[in-house]
Protein chains: 2
Amino acid sequence: MSAHQVLIAGQWKSANSLASFHAENPATGEKLAEEFPISKWADCDAALSAAVDAAALLRKIPAEMISRFLRTYADRIEANASKLVEAAHLETALPKSPRLAEVELPRTTTQLRQAADAAFEGSWSQPTIDSKQNIRSYLAPIGPVCILGPNNFPFAFNGISGGDFAAAIAAGNPAIVKAHPSHPQTTRLLAEEVVIALKESGLPPATVQLLYHMSNEDGLKLVSDPRTGAIAFTGSRRGGLALKAAADVAGKPIYLEMSSVNPTVILPGALAERFEKIADEFAGSCLMGSGQFCTNPGFVILLAGQSTDGFIAAIKQRFEKAPSAPLLGPGVHKSLITGIQLLQQAGAKLVTGGSAVSAPGYRFQNTLLRVDGAQFLREPKRLQSEAFGNASLFVVAHDIAEAKLIVDRLEGNLTGCVYSSTDGSDDPLYDQIAPSLRIRVGRMLNDKMPTGVALSPAMNHGGPYPSTGHAGFTAVGIPASMRRFGMLYCFDGVRAERLPPLLRDKNPNGRCWRMIDGRWTQQDVGMV
Amino acid sequence: MSAHQVLIAGQWKSANSLASFHAENPATGEKLAEEFPISKWADCDAALSAAVDAAALLRKIPAEMISRFLRTYADRIEANASKLVEAAHLETALPKSPRLAEVELPRTTTQLRQAADAAFEGSWSQPTIDSKQNIRSYLAPIGPVCILGPNNFPFAFNGISGGDFAAAIAAGNPAIVKAHPSHPQTTRLLAEEVVIALKESGLPPATVQLLYHMSNEDGLKLVSDPRTGAIAFTGSRRGGLALKAAADVAGKPIYLEMSSVNPTVILPGALAERFEKIADEFAGSCLMGSGQFCTNPGFVILLAGQSTDGFIAAIKQRFEKAPSAPLLGPGVHKSLITGIQLLQQAGAKLVTGGSAVSAPGYRFQNTLLRVDGAQFLREPKRLQSEAFGNASLFVVAHDIAEAKLIVDRLEGNLTGCVYSSTDGSDDPLYDQIAPSLRIRVGRMLNDKMPTGVALSPAMNHGGPYPSTGHAGFTAVGIPASMRRFGMLYCFDGVRAERLPPLLRDKNPNGRCWRMIDGRWTQQDVGMV
């Protein structure tokens, strides 16, 4: 069997390949049959050139066509759901039901449809009109977006169907997608639907390119190429920082969603009030999808005492009772082992787990570690390294002052959470912790685990460096996530007939929110 | 006379200094009497620590207090206008009237008052409320902002009174200001008013720090320090890129406004229609303030023909008739000489000027260069290097197709302008040029010179790299410029009484625009 073809300029073409690769079934460790190419630079170069041509065409077409593409694509994903779920299950070992079929796939199509609405409406671009001085500005497409998706969501964060893809396309940009090499077949099947949806909606065929893999060196060259408009990456800190360095030197905006341990503080009043509920929520959140979530609660701060000891024992029991589900592949398996070893070397003690589970496939015991606050303060850097997977570290502070010191040492994270009692008894403790936690995280939660990332315009799936590359942006939440892929266009004294439709006096669709002379409105200019 | 003191944590303190420096009077070349310190790292360190403390306090105080400070400061600048204008004139040789007293100073106080209004109203932070899921987000202060202002606007872009300062403070952040060493006394006098205004408004004394100078090495250390929240820089490309590299590695958002040649295309129909008017506008714009504007029209594209030759002759005449006003100092003088030499080496020919004017002070002949389109296409990089000052390069294309190729080779610029006839005869030419120019500039103009940067919410004083570091942001235009200094805070399920006022159900001031469940409104939650 020969390697699958890459998608460039609307054509499936044999890759200029260095070599080929196969994905594995992580439940069995067996190599899968499909063969995929590792592209040479020539493919990247062709993808960039095609995307530049598409960018010029996309700037001219009505937003309705982009909207139609996103909607058609969502329909086609649904029509092909069972095939896609089957492929994703084989490549990721994530459960078909409910996870892939009832949770992740509908999330993906919902997101594509939200993006379709946003593309049509145009409010994402925040048109701002100064009618007296005839100065008008809005966010316009930034140019070809390179999207490098992660391993852990084969649909909802896939470079060719996930949040970054939906946002980049809805903002009017072509995409150059690099598949995650752990699920190339799922990505290829999605790309087949992309090709059909592009045709049906009349978008330029080169709106979407797909490469399966490339050398690290070519990846760095791709993100720093003059033709690239912006980059979106979700994955490891090591990979993200290497791409960031290359993009930064070239002056390319790069949006990264990297590691996060998601500090969760559980205060004593909450434990006294809702012990069992919190234990269930925590164990469920931490082990869901084998803990392979960016927002997995991997770092829990508790205050020393009997209820904390009881809580740790209750979690130990739940972790031991739950099965060890397969991890996404050998990379995750290896990094989890390394991560747990690092935590142990830094003074954390195993409460339960800590060992790989023997074959078939890639599995690891559900693992709980514990360290006291004093030790954390001696080793704050190593003790907040991410152990991506079904593992969590409990840090037991001797009092709230020490808990505050621990929070003060935290790096930037996607989320931070505090559980407190409803009777107000934890409030003084909350007030000591919350201000310091707030500035270190993107999303702050009360009394709920961080693993649910709602598709809401108010969501922030982002946070201070190094959880992302820029604390002002979110990777989830239409339309805010689209603004990452816009550049600010201003028109100063430009004649009316030369303005883009969204900046003319008349609101072209009557739905776009525009800031006209200091007021947000859906009216035409002159009607405010 | 001993060196002036630096301002840290609300106190004037003797600097930990490496050495001291004096500014010069650029009109005479004479060293001015006032002596200023070059700080060692200890001063930067103290400034950062003070700013971190102030940041924590600023997050808790009502926005009205920040608003009051900005307004009081504007009042005090006006009350001390003659002293400030005198100092700025001595240090920059810019005319007292109208430039400093009637143009730049009122612009500065207007901007501070716009920032005061925006800080109070809160709309800049774009509160977004999903009332059904109880997820709420907005932009919150990002932390201490290091501001490094340029030489060319001693008030309106001064690190301690200009657009970056107004935006950073209004967004709720403390500032660490590095004066431009060409006008330290002006900056010191402004800082004295800052200190009084801080006291009168009750803001933390450490809201503003002022250092006059530091080593390049310490500057890089400052912008990459973990305590820094963000950086704003206006100045040379060389300086900006060095700071960017340091900030990028540390994951700090840095907003740069660097060089721009501001391509201006003058089409033949416009010349036929408005020859004299355009000649006057161009010469006025190019020579205003000795051409020392970021948006100076330094690069003009014309189509070969008699009217273009006539236009060049007309500009030559105007340039020769106008006096050579003093430049801002020895640095600008030297870089202008080098810049013009570089253009000549790359094939541009002098039409007029090209030599330094003999003492007193730093002056250069009003300079016009010319090159043909074919030569530009052979040397596109060198021929678009900035010659900051009273100089401009005319690029004469043999036809519109060549003009388009020239535009295609342009780097990112702040502005791009097209003059065309009003009778429609230039429209086909416009349509060939405009799409390519549009994606290469932040602000596109029709029939007006780019030097006027209106204080408008729709302004974009920004553009693609390397004119700035990120094409999504503007340095001028309240409230958009404030968003550079915000980080996205999301509150997911956070209890009502723990939310910041702008995210509670009730709109705290009745004026803040908030996006509630998909609609922009000034109403309370539940009233939409």
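Everything that follows concerns the structure shown earlier in this document.
A brief report on the enclosed structure follows. Along each chain, residues carry numbers from 1 onward, in the same order as the chain's sequence is written. All chains are assigned letters beginning with A, and all ligands numbers beginning with 1, in the order in which they are written. Only residues with pLDDT of at least 70 get local features here, since the model is predicted, and only at 80 or more are side-chain atom pairs given and counted; chain-wide, interface and lining totals rely on the full set of residues. The basis for the side-chain values is all heavy atoms of the structure; hydrogens and waters are excluded.

1. What to know about unusual backbone geometry
Cis geometry is found at the peptide bond from Ser97(A) to Pro98(A), where omega equals 0°. Think of it this way: any DSSP run of H or I at least four residues long counts as a helix, any run of E at least two long counts as a strand, and we number them from the N terminus. For Pro98(A), the location among the structural elements is in helix α4 (residues 96-121). A cis amide bond links Tyr465(B) with the next residue in sequence, Pro466(B), at an omega value of 5°. Mapped onto the secondary structure, Pro466(B) falls in the loop between β22 (441-446) and β23 (486-492). Positive phi values are uncommon outside glycine, yet Asp517(A) reaches one of about 50°.

2. Focus: the pairing of strand β14 (residues 263-266) of chain A
Looking along a regular strand, one sees the side chains alternate between the two faces of the sheet. All names here are of chain A. To sort residues, take the accessible area from a 1.4 Å probe on protein chains only and compare it with the maximum for the residue type: under 20% means buried, over 50% means exposed, and anything in between is partly exposed. Burial along β14 is two-sided: the face carrying Pro263 and Val265 and the face carrying Thr264 and Ile266 are both buried. Sheet analysis places β14 next to strand β15 (residues 299-303), joined by 4 bridges and oriented parallel. Following the sheet pairing, isoleucine 266 is matched in β15 by leucine 302. With strands facing away from the observer, any crossover in which the path from the first strand over the helix to the second runs clockwise is taken as right-handed. Note on the crossover from β14 through helix α9 (residues 268-287) to β15: the handedness is right-handed. Strand pairing follows a simple DSSP-based rule, namely that at least 2 bridges must link the two strands.

3. Comments concerning the relation of the copies chain B and chain A
Superposition of the two copies of the chain requires a rotation about an axis and a shift along the axis. Fitting of the copies onto one another was done by least squares over C-alpha atoms, counting residues only where both copies have pLDDT of at least 70. Mapping chain B onto chain A calls for a rotation angle of 180° and an axial translation of 0.0 Å; the resulting RMSD is 0.0 Å. Viewed as a symmetry operation, the transformation between the two copies matches a two-fold axis. Of the C-alpha atoms belonging to chain B, the one lying closest to the rotation axis is found on Trp520(B), 3.0 Å away. An overlap of 100% is found between the interface residues of chain B and their copies at the interface of chain A, pointing to a shared contact surface. Contacts are residue-level and defined by heavy atoms, with any inter-residue pair within 4.5 Å sufficient.

4. Some thoughts on the interface of chain B and chain A
It is common to give the size of an interface as the accessible area lost on bringing the parts into contact. Each side of the interface is counted separately: chain B has 64 residues, and chain A has 65 residues. Summed over both sides, the interface of chain B with chain A buries roughly 5200 Å², with 51% coming from carbon and sulfur. A quick way to say it: buried area is the sum, across both parts, of accessible area lost when two parts are put together, with a 1.4 Å probe. Sorting the residues of chain B by area buried against chain A places Asp492(B), Arg498(B) and Trp520(B) first, and these three jointly supply 12% of that buried surface. The salt bridge definition used is simple: a Lys or Arg side-chain nitrogen within 4 Å of an Asp or Glu carboxyl oxygen. Along the contact surface separating chain B from chain A lie 8 salt bridges. In the analysis that follows, any N or O atom pair within 3.5 Å is treated as a polar contact, provided that within protein one partner can donate a hydrogen and the other can accept it, and provided that, for residues neighboring in sequence, both atoms belong to side chains. At the junction of chain B with chain A, the criterion picks out 43 residue pairs in polar contact (both at pLDDT 80 or more). Breaking the side of chain B that touches chain A down by element, the ones donating at least two residues are β7 (128-130), β8 (135-141), α8 (237-249), α14 (427-438), β22, β23 and β25 (519-521) of chain B. Counting residues per element, the side of chain B that touches chain A draws most heavily on β23(B), which supplies 7 residues. Classification convention: Asp, Glu, Lys, Arg as charged; Ala, Val, Leu, Ile, Met, Phe, Trp, Tyr, Cys, Pro as nonpolar; all other residues, Gly among them, as polar. Each residue belonging to the side of chain B that touches chain A can be placed in one class, and the counts come to 28 nonpolar, 20 polar and 16 charged. Note that strand β22 (residues 441-446) of chain A and β23(B) share 3 bridges and pair parallel.

5. Observations concerning the side chain of Gln292(A)
Residue and element names in this part refer to chain A. Checked against the element boundaries, glutamine 292 lands in the loop between α9 and β15. At 3.0 Å, the side chain of glutamine 292 forms a polar contact with the backbone oxygen of glycine 289. Among residues more than four places away in sequence, those in contact with glutamine 292 are Asn152, Pro326, Leu327, Leu328, Val332, Phe388 and Gly389.

6. Some details on empty space enclosed by the protein
Over the atoms, a rolled probe matching the size of one water molecule traces out where space is still vacant. In this analysis the probe radius is 1.4 Å and the grid spacing 1 Å, with only protein atoms considered; a cavity is a set of points the probe fits into but cannot get out of, a pocket is an open set with protein on both sides within 12 Å along at least five of seven lines, and lining residues have an atom within 4 Å of a point. Grid points are joined across faces, edges and corners, and a volume is the space filled by probe spheres set on the points. Within this structure, the stated rule accounts for 7 cavities of 30 Å³ or more. When its volume is computed, the largest cavity comes out at roughly 290 Å³. Along its surface, the largest cavity is lined by 19 residues, and Asp248(A), His470(A), Asp248(B), Gly469(B) and His470(B) are the ones closest to its centre. Partitioning the lining of the largest cavity into residue classes produces 7 nonpolar, 6 polar and 6 charged.

7. Details of the pattern of salt bridges
If you walk through the whole model with that rule in mind, you get 60 salt bridges over all chains. Linking Arg227(B) and Asp225(B) is a salt bridge whose minimum nitrogen-to-oxygen distance equals 2.8 Å. Classification of Arg227(B) as partly exposed rests on a relative accessible area of 24%. A relative accessible area of 9% places Asp225(B) in the buried class. When the shortest N-O distance is used, the salt bridge between Asp309(B) and Arg370(B) registers 3.2 Å. On the criterion of sequence distance, the pair formed by Asp309(B) in helix α10 (residues 306-321) and Arg370(B) in strand β19 (residues 367-372) is long-range, its members being 61 residues apart. Counted as one network, the salt bridges with shared partners bring together Glu273(A), Arg274(A), Asp447(A) and Arg495(B).

8. Side note on the environment of Lys40(B)
All names here are of chain B. Assignment of secondary structure puts lysine 40 in the loop between β6 (36-39) and α1 (41-58). Accessibility expressed as a relative area gives 40% for lysine 40, which makes it partly exposed. Each C-alpha atom, one on lysine 40 and one on methionine 487, is 30 Å from the other, the two residues being 447 residues apart in sequence. When near neighbours in sequence (up to four residues on either side) are disregarded, lysine 40 contacts Asn16, Ser17, Leu18 and Asp218.

9. Let's talk about the pairing of strand β14 (residues 263-266) of chain B
For β14(B) and strand β21 (residues 413-419) of chain B, the ladder comprises 3 bridges, and the chain directions are parallel. Residue pairing for β21(B): Ile266(B) is matched across the bridge by Tyr419(B).

10. Let's talk about the sheet that holds β22(A)
Ordered by their spatial adjacency, 12 strands build an open sheet running β16(A)-β19(A)-β20(A)-β15(A)-β14(A)-β21(A)-β22(A)-β23(B)-β8(B)-β7(B)-β24(B)-β25(B), and the pairing between neighbours is mixed. Every interior strand has two partners, whereas the edge strands, β16 (349-352) of chain A together with β25 of chain B, have only one. Each adjacent strand pair in this sheet contributes to an overall mean axis angle of 25°, direction not counted. Angular values range over 0 to 180 degrees, each being the angle between N-to-C directions of two axes fitted as lines to C-alpha atoms, with helices fitted over their stretch in contact.

11. Comments concerning the packing of aromatic side chains
Note on ring pairs: Phe, Tyr and Trp rings are taken, using the six-membered ring of Trp, and paired if centres are within 6.5 Å. Classes follow the plane angle, with under 30 degrees stacked, over 60 edge-to-face and the rest tilted. Going through the model one piece at a time under the given rule, you end up with 32 aromatic pairs over all chains. Judged by centre distance (6.0 Å) and plane angle (40°), the rings of Phe21(A) and Phe36(A) are tilted. Highlighted residues: Phe21(A) in strand β3 (residues 17-21) and Phe36(A) in strand β6 (residues 36-39), separated in sequence by 15 residues. Overall, the relative accessible area of 11% leaves Phe21(A) in the buried class. Under the relative-accessibility criterion, Phe36(A) is labelled buried at 1%. Where Phe69(A) meets Tyr73(A), the ring centres are 5.8 Å apart and the plane angle is 15°; that geometry is what we call stacked. On the criterion of helical spacing, the pair formed by Phe69(A) and Tyr73(A) is a turn pair, its members being 4 residues apart in helix α2 (residues 63-79). Just as Phe69(A) is buried, Tyr73(A) falls in that class too. Three or more aromatic residues link up through ring pairs in this structure, and these residues are Tyr255(A), Phe473(A), Phe485(A), Tyr255(B), Phe473(B) and Phe485(B).

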